[in-house]
Amino acid sequence: MYILQFWKTWTPVYRRLWWIMLVAFMASLAFVVISLIQQPGPVFTWQQLQELKRQDIPIYNVEVGGIDLPVQTENYILFERWLGNPIQINSQALDIYLIFFSAGLVILLAILSVLPRFWFLAGAGAMVFMISSFQLEALEIFGLGNKIPTIATMVLFIVIGLYYQFLNITASFLQRILILLTSIIFIGLMIAGFSETPHPLRYLSIHTLPSSIVLLLIFIILIAHEIMASFVSLVGKGTRNSKTLRHYLTISIFYLVNLWLAYLDRINYIDWAFTIPPILLLIISGVLAIWGIRQRQPQYEQIIPADPFGVYVIVSLGIISFSTLGLFIASSEDVVLLSLNDLILYAHIGYGMIFLLYVISNFLPMLASNFQVYRVLYKPTVMPYFSYRIAGLIFTLAFVFYRSWIVPVNHFVSGYYTALGDLYASEDDPTLAMGYYKRANFYASYNQHAATALAEIEAGRGNSLKERNYLNDANSYKPTEFTLISGAQTYYGNSLEHVLELQEASELLPRSGIIKNNLGLAYSRLGMTDSAYRFFIEAGKNNATQASAEMNLLGVMADTDVNIDPDSVYKLISTNQTRVKSNVIAIANHQAKLMDISTEFPKDSILNLFSATLIGNYITNHINKPDTTFLSTCILFAHNKKNKHFSELILVPAAKALYAAGQVNRSFQLLQEVIFSSNNPGPHNTTLALWSLDQEKPDVAMSYLKYAMYKSIQAPLVNVVAIAETGKINEAIIAWDTLHTRKDSVTRSIAESMKRVLGGPVSWFAGFTNKEKYQYLRYRVSIEDSVQFTSLLNQLADEDLKAKAILDRSKKWFDQDEIGKAARMYQRLQGLHLTDMVLFAKIKYYELRLFAAQGYQPLIDEQIKKGVLFGPYHETERIYYEALRSVASGDSMQAMKNFHWLAVNNSYFDEGVVASASFFKDHGTNKRKSYLILSEALQANPNSVKILKAYIPAARASDYD
């Protein structure tokens, strides 16, 4: 442990400086590691775009005059594709880099001042050259665009160096560091405060990159052999060193073979998946060099002492080198990293091979004799260390020139211009940014960072062809998921081209879950569901895209007629995310199956697309078993101002569930609320019209249909039915004639039939079909003409349709409040043999209303006991009969509760409104409540005979005209 802690022998001041420098060195390493973990972020990041498909599914059927009109709701199906976000400029990485660069430069300049004169002068010359490369004139300090700032900076540092080199030789190293640090901080403050360039320190950071790259390359060469040298120490420090030479040769050859395999993979000669990451080699070598630099003291002991200055030099070089590398990684400078990886690999192979030769030439007998060679590793006897260095450099350069030396130079220049482009882009100067990006693209057209940035600029200008060309450049050498997805996205409007691009991308990167997910979606748009399923299943094996792929797979199932049990699907999926549960319920909704999945509200009360669709689908799934408390909570969430973008997804199914629960007024109110803010109000107005027809109020339906025409596919058919129901026969004939031209063969057939029914004379009756005869009786025979009705009814053979005609006529008298005539017509149903159970149920429900109108409470109770059920859409009637029973039994409290419910929940149920008003007139404390109930009901139901007859005396009693 003492050998590792070599700094124990240093003086306290040097140890304190060492710990500060070591912290900086470790921080620069952390910068590299964190940047590697985030790569390709934060520059290249992903966004998931959700696509909401609204699938119309029938939930309830309104039958009017023998024509079925389904009430539909929206089944929400979610799909998700991955796209790249716009490039995010990582300016913070520049700031971090400048801090590390400045710290390393201070240490190097301080060490320069203690070197012997020759080396000081050589270092001072290098320092002058470095400062001149910073291009301080471009910062326009004090408005000066000439070389004066550069010369002043040079003079400042040269004077400090000369002072300590010639006048104050005995000054402490700490003092030198503090003076230099103060000088750099002073220069930084002058630049920040008096430069006319925005963000001048960031410009300075970029202009230091050429010098940093040179220092990084020197650092790579200096430490390239450290791993091979560590093998000597590894095999020589054991207590049983009986096979030192064999062990060293085995480890070294294994290491070098792996480097060669990595190189062969790099040049595409072989496909080797177990390559050593070059950056990892650099990190390991950099750490080992801190300990190894002391062993090399015999090679430079005439220049600088290893303890502490030799160690300081390698640490300061490491700080600058790793911060530079971290900047390139954090900025996703792909071409720079490409060349750096190559050069690291070349240096480790070149110096590694020659170092093995150096060890064998100088220390083979010692290794064979199991001596501790690491102690004399840098005291060669045959092959000089200088020869090893020259040979290693030649070997490394051979790789570089074999692969064309100009390529890494172009890459570094391209990376430099890319950094400048990023800086101008961060300052919202697209013109200058584009100019520098184009320079970067000129030196390396496959620079993905620059090419993608240029594509985004061209896309913003509407130049789709240039955008596509630049993305082709980005994909021309080593495409990534990001560039391939971005390139394919330019074909998104063309489904076939989009699929072809994604297919090619999948072949290039067969393990990409993102590409497979998007390809599955592209196949699903073409209707190729089998291929879509396959790619979704493969994408689901990737952790990043698992939830998206499962959601998309279930979405395709929900959108097609796949016969699959949603409960079984839910048990098989591997995630319980909201988005996936929503699509599982969508499958159940499509199949009209009840799904028992727990649904939780967000704890922060803030909805997103996933939670809103889940709640909406859940309400639809339970529309025939509505929980009014749950619905009220859902509506509260939807009315939260923060959730306004998702309110329609909840309010629409909630309104339809409330209608099923008998809360008709509230359902109308909610859907009207949606209409005012909806981009597509036509279908919602159509739903309101269908509900009005269901409540047997065609006049109310017409008021909604005038806003639905031409905005809803279903509206024209509903409209002609409503026109016929209001008795406007001539208008109905014209409307049906318009529908006769539609492409839908079923609608054309109905229109042709209805034109005959509505326009034909009575002499045609015998030639009508049974259904047409029924419709003729409904629409053409006046309610007062009982003779013609009886005559034509006898010609109707179908007893179900005959019963329908009688029921229709009885209801018409009932709506006119002619209860006696309605009851006599109803009696004509006796003796008919019905096969239509739906019709039979309608007759039984109507029979109870007749009994209630006549005050036959015992008969009502008797029929209910026989099994008349009140399920969804019949809650109003159930409460009405319960209220009447409460009155009959003297339970005024329960009666008051039920009549209040009837008064506020369904203004279209005439008997309930009238009975409520009558009850509160006799039992309520508020004398005006009866009048208010009737007047509010008339606002929604203005043509109700029963409500009008009750309203007139109530208005007179309140002294209203």
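Structure shown above.
What counts and how
Residues numbered from 1 in each chain as written. Predicted model: local features only at pLDDT ≥ 70, side-chain atom pairs only at ≥ 80, totals over all residues. Heavy atoms only, no water. Helix = DSSP H or I, 4+ residues; strand = E, 2+ residues; numbered from the N terminus. Rg over C-alpha atoms; globule rule 2.2 N^0.38 Å. Buried < 20%, exposed > 50% of the residue type's maximum accessible area, 1.4 Å probe, protein only. Contact = heavy atoms within 4.5 Å. Areas by Shrake-Rupley, 256 points an atom, 1.4 Å probe, with all protein chains shown as cover. Lys, Arg positive; Asp, Glu negative; His and termini not counted. Charge placed at Lys NZ, Arg CZ, Asp CG, Glu CD. Salt bridge = Lys/Arg side-chain N within 4 Å of Asp/Glu carboxyl O. Pairing = 2+ DSSP bridges. Core = buried A, V, L, I, M, F, W, Y, C linked by side-chain atoms within 4.5 Å. Axes fitted to C-alpha atoms, helices over the stretch in contact; angles between N-to-C directions. Parallel < 35°, antiparallel > 145°, perpendicular 65-115°, else oblique. Left-handed = near helix turned anticlockwise from the far one by under 90°. Nonpolar A, V, L, I, M, F, W, Y, C, P; charged D, E, K, R; others polar. Phe/Tyr/Trp six-rings, centres within 6.5 Å; stacked < 30°, edge-to-face > 60°. Lys NZ or Arg CZ within 6 Å of the ring centre and 35° of its normal. Arc of directions from axis to C-beta. Patch = residues over 30% accessible without salt bridge, like charges linked within 9 Å, V, L, I, M, F, W, Y side chains within 5 Å.

Participant: Residue-level account of the overall build of the protein, with values.
Facilitator: A tally of regular secondary structure across the protein gives 45 helices and two strands. Against the globule reference of 30 Å for 961 residues, the protein gives a C-alpha radius of gyration of 43 Å, more extended than a compact globule. With the C-alpha coordinates of the protein rotated into their principal frame, the extents come out at 130 × 60 × 55 Å. Residue burial in the protein is summarised as follows: out of 961 residues, 53% are buried. Long-range contacts, defined here as pairs at least 24 residues apart, represent 66% of the contacts in the protein between residues at least 6 apart. As displayed, the protein offers around 44000 Å² of accessible surface, 59% of which is attributable to carbon and sulfur atoms. Taken as two groups, the 79 positive and 76 negative side-chain charges of the protein have centres that lie 6 Å from each other.

Participant: Pulling in residues and values, what's your account of the pattern of salt bridges?
Facilitator: Taken as a whole and judged by the stated rule, the model has 29 salt bridges. Measuring nitrogen to oxygen at the nearest pair gives 2.7 Å for the salt bridge that ties Asp 559 to Lys 53. Taken as a pair, Asp 559 in helix α23 (residues 546-559) and Lys 53 in strand β1 (residues 46-64) lie far apart in primary sequence, 506 residues in all. What makes Asp 559 partly exposed here is its relative accessible area of 27%. Glu 74 is the salt-bridge partner of Arg 54, the closest N and O atoms lying 3.0 Å from each other.

Participant: Just give me the short version of the side chain of His 207, but keep the residues and values in it.
Facilitator: The residue His 207 is located in helix α6 (residues 200-207) in this model. Among all residues touching His 207, those that are not within four sequence positions of it are Ser 133, Phe 134, Gln 135, Ala 138, Tyr 416 and Leu 420.

Participant: Please provide a residue-by-residue account of the pairing of strand β2 (residues 67-84), values included.
Facilitator: The buried fraction of β2 amounts to 15 of the 18 residues, a majority that puts the element mostly inside the structure. By the bridge criterion, 18 bridges tie β1 to β2 in an arrangement that is antiparallel. Across the sheet, the residue bridging to Trp 46 is Gly 84, located in β2. Linking β1 back to β2 in an antiparallel pair, the connection comprises two residues, with Gly 65 at a positive phi of about 60°.

Participant: Please set out the nonpolar core residue by residue, giving values where relevant.
Facilitator: Nonpolar side chains in soluble globular proteins tend to end up buried together. Counting 144 residues, the largest nonpolar core has Trp 18, Tyr 248 and Tyr 312 as the members making the most contacts within it. The element best represented in this core is helix α13 (residues 334-368), accounting for 18 residues. Aside from chain neighbours lying at most four places away, what touches Tyr 312 is Trp 10, Tyr 14, Leu 17, Trp 18, Met 21, Ile 107, Ile 111 and Phe 173. Core analysis: the next-biggest nonpolar cluster, separate from the first, contains 103 residues, Ile 585, Tyr 659, Leu 717 and Val 721 among them.

Participant: Now, about the packing of helix α2 (residues 91-112) against helix α5 (residues 173-194): what can you tell me, with residues and values included?
Facilitator: Close contact between α2 and α5 brings their axes to 9 Å; oriented N to C, the two are set at 135°. Between α2 and α5, the crossing angle belongs to the class labelled oblique. Here α2 runs over α5; the crossing is right-handed. For the pair α2 and α5, contact is made by Ser 102, Leu 105, Val 106, Leu 109, Ala 110 and Ile 111 and by Phe 173, Arg 176, Ile 177, Leu 180, Leu 181 and Ile 184, respectively. Residues belonging to the contact of α2 with α5 are distributed by class as follows: ten nonpolar, one polar and one charged.

Participant: I'd like to hear about the packing of helix α26 (residues 609-621) against helix α27 (residues 628-639), residue by residue, with values.
Facilitator: Put simply, α26 and α27 touch, their axes get as near as 12 Å, and they point 150° apart. With respect to α27, the axis of α26 lies roughly antiparallel. Crossing hand, α26 versus α27: left-handed. Residues Ile 615, Tyr 618 and Ile 619 of α26 form the contact with α27, whose participating residues are Phe 630, Leu 631 and Cys 634. The class makeup of the residues in the contact of α26 with α27 is six nonpolar, no polar and no charged.

Participant: Provide a residue-level description of the packing of aromatic side chains, including the pertinent values.
Facilitator: Tallied over the entire structure, the rule returns 70 aromatic pairs. Summarising the aromatic geometry, the rings of Tyr 351 and Tyr 388 are spaced 5.9 Å apart at their centres and angled 80° between planes, so their arrangement reads as edge-to-face. Within this pair, whereas Tyr 351 is found in helix α13, its partner Tyr 388 is found in helix α14 (residues 385-402), the two being separated by 37 residues in sequence. Each member of the pair, Tyr 351 as well as Tyr 388, carries the same accessibility label: buried. Note on Phe 668 and Tyr 704: the rings are 6.0 Å apart at their centroids and 50° apart in plane angle, and the pair reads as tilted. Taken together, the residues span a long stretch of sequence, with Phe 668 in helix α29 (residues 664-677) and Tyr 704 in helix α31 (residues 698-708) at a distance of 36 residues. With respect to class, Phe 668 is no different from Tyr 704; both count as buried. Members of the aromatic cluster, connected to one another through ring pairs, are Phe 6, Trp 7, Trp 10, Tyr 14, Trp 18, Trp 19, Phe 173, Trp 291, Phe 309 and Tyr 312. Here the basic side chain of Lys 929 rests over the ring of Phe 920, its NZ or CZ set 3.9 Å away from the ring centre.

Participant: Any chance you could break down helix α33 (residues 729-739) for me, citing the residues and the numbers?
Facilitator: Restricting attention to buried positions, one finds in α33 the residues Ile 729, Ala 732, Ala 735, Trp 736 and Leu 739. In a view along the axis of α33, the buried residues occupy a sector of 120°, so they form one face of it. Within α33, the exposed residues directed more than 90 degrees away from the buried face are Asn 730, Ile 734 and Thr 738. Elements in contact with the buried residues of α33: β2, α32 (715-725), α34 (745-759) and α35 (770-779).

Participant: Hey, could you go over unusual backbone geometry for me, with residue numbers and the actual values?
Facilitator: Phi is mostly negative for residues that are not glycine, and the peptide bonds are mostly trans. In this model, Gln 39 is joined to Pro 40 through a cis peptide bond whose omega is 5°. Relative to the assigned elements, Pro 40 resides in the loop between α1 (12-38) and β1. Geometrically, the link from Gly 41 to Pro 42 is a cis peptide bond, its omega value of 0° lying close to zero. Of note in the backbone geometry, Glu 140 takes a positive phi value of approximately 55° without being a glycine. Topologically, Glu 140 is positioned in the loop between α3 (117-132) and α4 (148-167). For Glu 140, a relative accessible area of 33% puts it in the partly exposed group. The phi angle at Glu 696 is positive, at roughly 65°, despite the residue not being glycine. Within the secondary structure, Glu 696 sits in the loop between α30 (682-694) and α31.

Participant: I'd like a rundown of the environment of Val 400, residues and numbers included.
Facilitator: Looking at the element boundaries, Val 400 is found in helix α14. Exposure remark for Val 400: the relative accessible area of 11% places this residue in the buried category. Through-space distance from the C-alpha of Val 400 to that of Leu 343 is 7.6 Å; in sequence the pair is 57 residues apart.

Participant: If you had to explain a nonpolar patch on the surface to someone new, which residues and values would you point to?
Facilitator: Taken together, the side chains of Leu 393, Leu 397, Phe 401, Trp 405, Ile 406 and Val 409 make up a nonpolar region of the molecular surface, amounting to roughly 510 Å² of accessible area. Among the secondary structure elements, those contributing two or more residues to the nonpolar patch are α14 and α15 (406-426). With relative accessibility at 31%, the residue Ile 406 sits in the partly exposed group.

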